Amino acid sequence: MSKTSRKPAKAAAIDIGISDKDRAAIATGLSRLLADTYTLYLTTHNFHWNVTGPMFNTLHAMFMAQYTELWNAVDPIAERIRALDHVAPGSYAQFKALSSLPDAPQEPPRALEMVALLARGHEAVARTARALFPVVDKADDQPSADLLTQRLDVHEKTAWMLRALLKD
């Protein structure tokens, strides 16, 4: 009896109408968006745990809604990277290298400084998403454009709401 060796099935080449070069550029931009989103998620969750002062109840609940939304956003971003046939980053080291946001402060800031930091964080994530549009548009990548549009809407509205808390 002869033994036949089975070779692993060769992965099919991806042909979704977007060139390898464009898919790579989009995946790189989405990886930055994923890193920014995850970094902002961690900071927001940190602030949820550590907020104090007269606005505690309001901010604690607001931060929880915001970190929950951010947590729910990371999976669709990572899955879009995978749909483009690239590996999604998933380590703290990768996120630190890719993110445009600073890490959460070692010492929790005062409540309104938390609000200001998160507003700036949402604005930064919006800039990251917006910067990817030319590449996505050039490649005619509607799913990525839709994802970016959804993320921009959330980050711009959240930044506006946070900035509103800082007004006198």
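Residues numbered from 1 in each chain as written. Predicted model: local features only at pLDDT ≥ 70, side-chain atom pairs only at ≥ 80, totals over all residues. Heavy atoms only, no water.

> It is not clear to me how the packing of aromatic side chains should be interpreted in this structure. Could you clarify?
Geometrically, a pair of aromatic rings is defined through the distance of the ring centres and the angle of the planes. Evaluation of the coordinates by the stated rule reveals 7 aromatic pairs. Note on tyrosine 41 and tyrosine 67: the rings are 6.2 Å apart at their centroids and 75 degrees apart in plane angle, and the pair reads as edge-to-face. Taken together, the residues tyrosine 41 in helix α1 (residues 20-50) and tyrosine 67 in helix α2 (residues 56-83) connect sequence positions 26 residues apart. Counting every residue linked through ring pairs, the aromatic cluster contains Tyr38, Tyr41, Tyr67, Trp71, Tyr92 and Phe95. (Phe/Tyr/Trp six-rings, centres within 6.5 Å; stacked < 30°, edge-to-face > 60°. Helix = DSSP H or I, 4+ residues; strand = E, 2+ residues; numbered from the N terminus.)

> What is the right way to look at the nonpolar core in this model?
Soluble globular proteins tend to bury their nonpolar side chains together. Formed by 41 residues in total, the largest nonpolar core has its most connected members in Ile26, Leu30, Leu33, Leu34, Phe63, Ile77 and Leu148. Of all elements in the fold, only α1, α2, α4 (111-138) and α5 (142-165) reach the threshold of two or more residues within this core. Examining the composition of this core, we find that 12 residues originate from one element, α4, more than from any other. Residues within four places of leucine 33 in sequence aside, it is in contact with Ile77, Val125, Thr128, Ala129, Leu148 and Arg151. (Core = buried A, V, L, I, M, F, W, Y, C linked by side-chain atoms within 4.5 Å. Buried < 20%, exposed > 50% of the residue type's maximum accessible area, 1.4 Å probe, protein only. Contact = heavy atoms within 4.5 Å.)

> In this structure, what is going on with the packing of α1 against α2? I would like to understand it.
Angle between the axes and distance between the axes are the two parameters that describe a pair of packed helices. In contact at an axis separation of 8 Å, α1 and α2 are set at 160 degrees when each is read in the N-to-C sense. Relative to α2, the element α1 lies roughly antiparallel. Crossing geometry of α1 relative to α2 is assigned as left-handed. Looking at the contact of α1 with α2 residue by residue, the classes come out as 18 nonpolar, 7 polar and 1 charged. (Axes fitted to C-alpha atoms, helices over the stretch in contact; angles between N-to-C directions. Parallel < 35°, antiparallel > 145°, perpendicular 65-115°, else oblique. Left-handed = near helix turned anticlockwise from the far one by under 90°. Nonpolar A, V, L, I, M, F, W, Y, C, P; charged D, E, K, R; others polar.)

> What is the right way to read the pattern of salt bridges from this model?
Side chains bearing opposite charge may pair, as long as their charged atoms lie close to each other. Within the structure shown, the criterion is met by 8 salt bridges. A salt bridge links lysine 138 to aspartate 22; the shortest N-O distance between them is 3.0 Å. With lysine 138 in helix α4 and aspartate 22 in helix α1, this pair connects stretches of sequence that are 116 residues apart. Using a relative accessible area of 62% as the deciding quantity, one classes lysine 138 as exposed. One salt bridge in this structure joins glutamate 123 and arginine 163, with 2.6 Å as the shortest N-O distance. Residue glutamate 123 is located in helix α4, and its partner arginine 163 is located in helix α5; the two are separated by 40 residues in the primary sequence. (Salt bridge = Lys/Arg side-chain N within 4 Å of Asp/Glu carboxyl O.)

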